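Tertiary structure, described
If you want the building blocks of each chain, they are given just below.
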Amino acid sequence: MAKPEPKLDAEGVNALLRRAFPQAPEQGFPRVLAVEPGRVRLASSYRPDMLRPGGVIAGPTLMSLADTAAYALVLAHIGDRLMTVTSQLNMSFLRGARPGELQAEAEMLRLGRRLAVCDVRIWTESPERLAAQANVTYALPE
């Protein structure tokens, strides 16, 4: 199956995310590094307040990055339709995410008229040592 062609590049998606979340601090907000057909890659700077007891990055931080990565992926492929919303997020925590810059790669599994289904993988050390994986579904506005 052919991957959908993006309508926006990384710079365009970052601008759209800044417009969608003007209240988010510039420092630490995930940034889109690359957009390809059916795929985006994001990074989120490390901050000490991301840690939970035990010295690993907290689950809610990873879930937020997974949701942001899926949102960025969907926006890259449907354009300026900010009212697309999360309808499902299923997260698997695979190992503790060590302190460091968070990386996420999201892949479009299906882009339909009403739903977009995405696979998101998150790591700090390397893509071969995933910290978490999520399946995220977005409901698309009509």
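Going by the structure above, here's the rest.
What comes next concerns the included structure.

Analysis parameters
- Residues numbered from 1 in each chain as written.
- Predicted model: local features only at pLDDT ≥ 70, side-chain atom pairs only at ≥ 80, totals over all residues.
- Heavy atoms only, no water.
- Salt bridge = Lys/Arg side-chain N within 4 Å of Asp/Glu carboxyl O.
- Helix = DSSP H or I, 4+ residues; strand = E, 2+ residues; numbered from the N terminus.
- Buried < 20%, exposed > 50% of the residue type's maximum accessible area, 1.4 Å probe, protein only.
- Arc of directions from axis to C-beta.
- Contact = heavy atoms within 4.5 Å.
- Pairing = 2+ DSSP bridges.

Considerations on the pattern of salt bridges
Across all of its chains, the model carries nine salt bridges by this definition. Note that Lys 3 and Glu 107 form a salt bridge whose closest N and O atoms lie 2.8 Å from each other. Residue Lys 3 is found in the segment before α1 (10-20), and its partner Glu 107 is found in strand β6 (residues 102-111); the two are separated by 104 residues along the sequence. The class of Lys 3 is partly exposed, set by a relative accessible area of 36%. Note on Glu 107: relative accessible area 21%, which makes it partly exposed. When the shortest N-O distance is used, the salt bridge between Glu 105 and Arg 39 registers 2.7 Å. Of the two residues, Glu 105 is situated in strand β6 and Arg 39 in strand β2 (residues 39-44); the sequence distance between them amounts to 66 residues. Under the relative-accessibility criterion, Glu 105 is labelled partly exposed at 26%. Several salt bridges share partner residues, and in doing so they unite Lys 3, Arg 39, Glu 105 and Glu 107 into one network.

Topic: α1
Among the residues of α1, Ala 10, Val 13, Leu 16 and Leu 17 are the ones counted as buried. Viewed along the axis of α1, the buried residues span an arc of 125 degrees, placing them on a single side of the element. Elements in contact with the buried residues of α1: β1 (31-36) and α2 (59-78).

Notes on the pairing of β6
Summarising the sheet, β2 and β6 pair through six bridges and their orientation is antiparallel. When the bridges of β6 are listed, Arg 41 appears paired with Glu 105. With eight bridges joining them, β6 and strand β7 (residues 115-123) adopt antiparallel strand pairing. Bridge pairing links Ala 104 to Ile 122 in β7. The antiparallel pairing of β6 with β7 creates a hairpin that spans three residues between the two strands.

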